[in-house]
Amino acid sequence: MNEFALIQRFFAEAAHATSDPSVILGIGDDCALIAPPQGQQLAISTDTLVAGRHFPLDTDAYSIGWKAVAVNLSDLAAMGARPHSILLALSLPSVDQAFLREFSRGLFAICQQYGVRLIGGDTTRSSVLSITITVLGWLPIGQAITRHAAQAGDVIMVTGTLGDAAYALQHPHSPLQHRLDQPTPRVELGQALRGVASAMLDISDGLVQDLGHIAKASGLDAQLDVECVPLHLILQQLSVSERLAHALAGGDDYELCFTVPASRVDAVTAEAVRQQIKVTTIGVMLPRQAAQTQVQLRLHQQSFELQQTGFQHFD
């Protein structure tokens, strides 16, 4: 099967089945053409997943397709953007039709759930399976939630439970396996937090490391009350050191971490209840106390040290 037949069979037909008047030209030409809505600005993000690095080699094809899109939608959620479309660059060791059938099924399942259309991309041969997704979304002009606008006194909040994916990576086929293989991007809540959250990101490399990005960008310190970090019941049964290593530094959660003025916490909680999403207050932003930004960890009011703060892409 050549490149063009592969695209047509597994990607083009399903992509064209989704109609969207803003997509003037999709798969099949040198470029895709889209018409931006009036008063909106474009949000763009790209993530690459490499087999054996970003997902275990025995991950099923459906989950790989799902996760490749999910991690990109999570980036849009982190800025409060509404997803629109994706581009797919797929590098394959060989044309495995059974794999491609399930991969594309997973990819289009999450696209359909979030109203996203595949509008173009590329395929090529490679020694290692590699998937790069570029995601496009829309934001009302001037309403993007960035990392740099947190204020001292803002409350730190997170969605969901943390450490689930890290646990699943260490315990294959556990009840938390879906949290690693098929994460849930918090797209609707991200949009609801526009004008409410002062800063936000998604947790991909570990809570402590990622919260540090907000603190550094905002010129602040962050105080994290470790005992408040939300944990699944399975993690609660682990030793303190093990569960905190997963929850604070494990990564791959794709939950939202954001800061809000204390006066808006009740509004955030009410919206989360409406969407049936768990949100938890885990700390507070502080004025910077030294030349270098710090994420101060406290466990029951006592200083707490963590050996590793998060995932390193080049270790």
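Residues numbered from 1 in each chain as written. Predicted model: local features only at pLDDT ≥ 70, side-chain atom pairs only at ≥ 80, totals over all residues. Heavy atoms only, no water.

Caption draft 1: Examining the overall build of the chain more closely. Secondary structure summary: the chain contains 10 helices and 13 strands in total. Scaling as 2.2 N^0.38, a compact globule of 315 residues should have a C-alpha radius of gyration of about 20 Å, and the chain matches this with 20 Å. Taken over the C-alpha atoms alone, the chain extends approximately 60 × 45 × 40 Å along its principal axes. The buried share of the chain, reckoned over its 315 residues, is 51%. A sequence separation of at least 24 residues applies to 86% of the contacts in the chain between residues at least 6 apart. (Helix = DSSP H or I, 4+ residues; strand = E, 2+ residues; numbered from the N terminus. Rg over C-alpha atoms; globule rule 2.2 N^0.38 Å. Buried < 20%, exposed > 50% of the residue type's maximum accessible area, 1.4 Å probe, protein only. Contact = heavy atoms within 4.5 Å.)

Caption draft 2: Representation of the sheet that holds strand 5 (residues 117-125). Taken together, four strands build an open sheet; the order of strands is 3-6-4-5 and the sheet is mixed. One side of each edge strand has no neighbouring strand; the edge strands of this open sheet are strand 3 (40-50) and strand 5. Taken pair by pair, the neighbouring strands of this sheet meet at an average axis angle of 15 degrees, ignoring direction. Packing against the sheet, helix 3 (residues 97-113) makes contact with strand 4 (82-92), strand 5 and strand 6 (130-140), and its axis sits at approximately 165 degrees to strand 4. (Pairing = 2+ DSSP bridges. Axes fitted to C-alpha atoms, helices over the stretch in contact; angles between N-to-C directions.)

Caption draft 3: Main features of the sheet that holds strand 10 (residues 256-260). Ordered by their spatial adjacency, seven strands build an open sheet running 8-10-7-11-9-12-13, and the pairing between neighbours is mixed. Pairing within the sheet leaves two strands with one partner each, and these edge strands are strand 8 (199-202) and strand 13 (302-303). Bridge analysis of strand 8 against strand 10 gives four bridges, and the strand direction is antiparallel. Bridge pairing in strand 10 places L201 opposite C257. Each of strand 8 and strand 10 is contacted by helix 2 (residues 61-78), which is oriented at about 175 degrees to strand 8, the strand it contacts most. Across the sheet, helix 10 (residues 265-275) touches strand 7 (155-159), strand 10 and strand 11 (279-287), and the angle it forms with strand 7 is around 5 degrees.

Caption draft 4: Expanded view of the packing of helix 2 against helix 3. Here helix 2 crosses helix 3 at 35 degrees, and the two axes come no closer than 6 Å. Pair helix 2 / helix 3 crosses with right-handed handedness. Judged by residue contacts, A61, Y62, I64, G65, W66, V69, A70 and L73 of helix 2 engage F99, E102, F103, R105, G106, L107, A109, I110, C111 and Q113 from helix 3. Partitioned by chemical class, the residues of the contact of helix 2 with helix 3 number 13 nonpolar, three polar and two charged. (Left-handed = near helix turned anticlockwise from the far one by under 90°. Nonpolar A, V, L, I, M, F, W, Y, C, P; charged D, E, K, R; others polar.)

Caption draft 5: View of helix 2. Counted at 1.5 Å a residue, the expected span for helix 2 with its 18 residues is 26 Å, and the 26 Å between its end C-alpha atoms agrees. Burial of helix 2 is extensive: 17 of the 18 residues sit out of reach of the surface. After helix 2 finishes, the residue G80 shows a positive phi value of roughly 80 degrees. (Expected span 1.5 Å × (residues − 1).)

Caption draft 6: Representation of unusual backbone geometry. Unlike most non-glycine residues, H173 shows phi in positive territory, near 70 degrees. Assignment of secondary structure puts H173 in the loop between helix 4 (164-170) and helix 5 (177-181). Residue H173 is classed as exposed on the basis of its relative accessible area, which comes to 72%. Positive phi, normally seen in glycine, also occurs at Q276, with a value near 60 degrees. With respect to the helices, strands and loops of the structure, Q276 is situated in the loop between helix 10 and strand 11.

Caption draft 7: Helix 10, seen in detail. Along helix 10, the positions that sit buried rather than exposed are V265, V268, A272 and Q275. Projected down its long axis, helix 10 shows its buried positions confined to an angular sector of 90 degrees, all on one face. For helix 10, exposure combined with an orientation more than 90 degrees from the buried face picks out D266, V273 and R274. Structurally, helix 10 contributes buried residues whose contacts are with strand 7, helix 6 (187-192), strand 10 and strand 11. Positive phi shows up at Q276, right after helix 10, with a value of about 60 degrees. (Arc of directions from axis to C-beta.)

Caption draft 8: How the structure looks around a nonpolar patch on the surface. Judged by side-chain polarity, I24, L25 and L33 come together as a nonpolar surface patch covering roughly 260 Å² of accessible area. According to the relative accessible area criterion, L33 is partly exposed, its value standing at 42%. (Patch = residues over 30% accessible without salt bridge, like charges linked within 9 Å, V, L, I, M, F, W, Y side chains within 5 Å. Areas by Shrake-Rupley, 256 points an atom, 1.4 Å probe, with all protein chains shown as cover. Salt bridge = Lys/Arg side-chain N within 4 Å of Asp/Glu carboxyl O.)

Caption draft 9: A look at the nonpolar core. The biggest cluster of nonpolar side chains holds 59 residues, and the ones touching the most others in it are F11, F103 and I131. The element contributing the most residues to this core is helix 2, with 12 residues. F11 has contacts with L6, I27, L88, L90, L100, F103, S104, F108 and L118, leaving out every residue within four places of it along the chain. In terms of nonpolar packing, the next biggest core, distinct from the first, is built from 35 residues, L176, A215, A222 and L248 among them. (Core = buried A, V, L, I, M, F, W, Y, C linked by side-chain atoms within 4.5 Å.)

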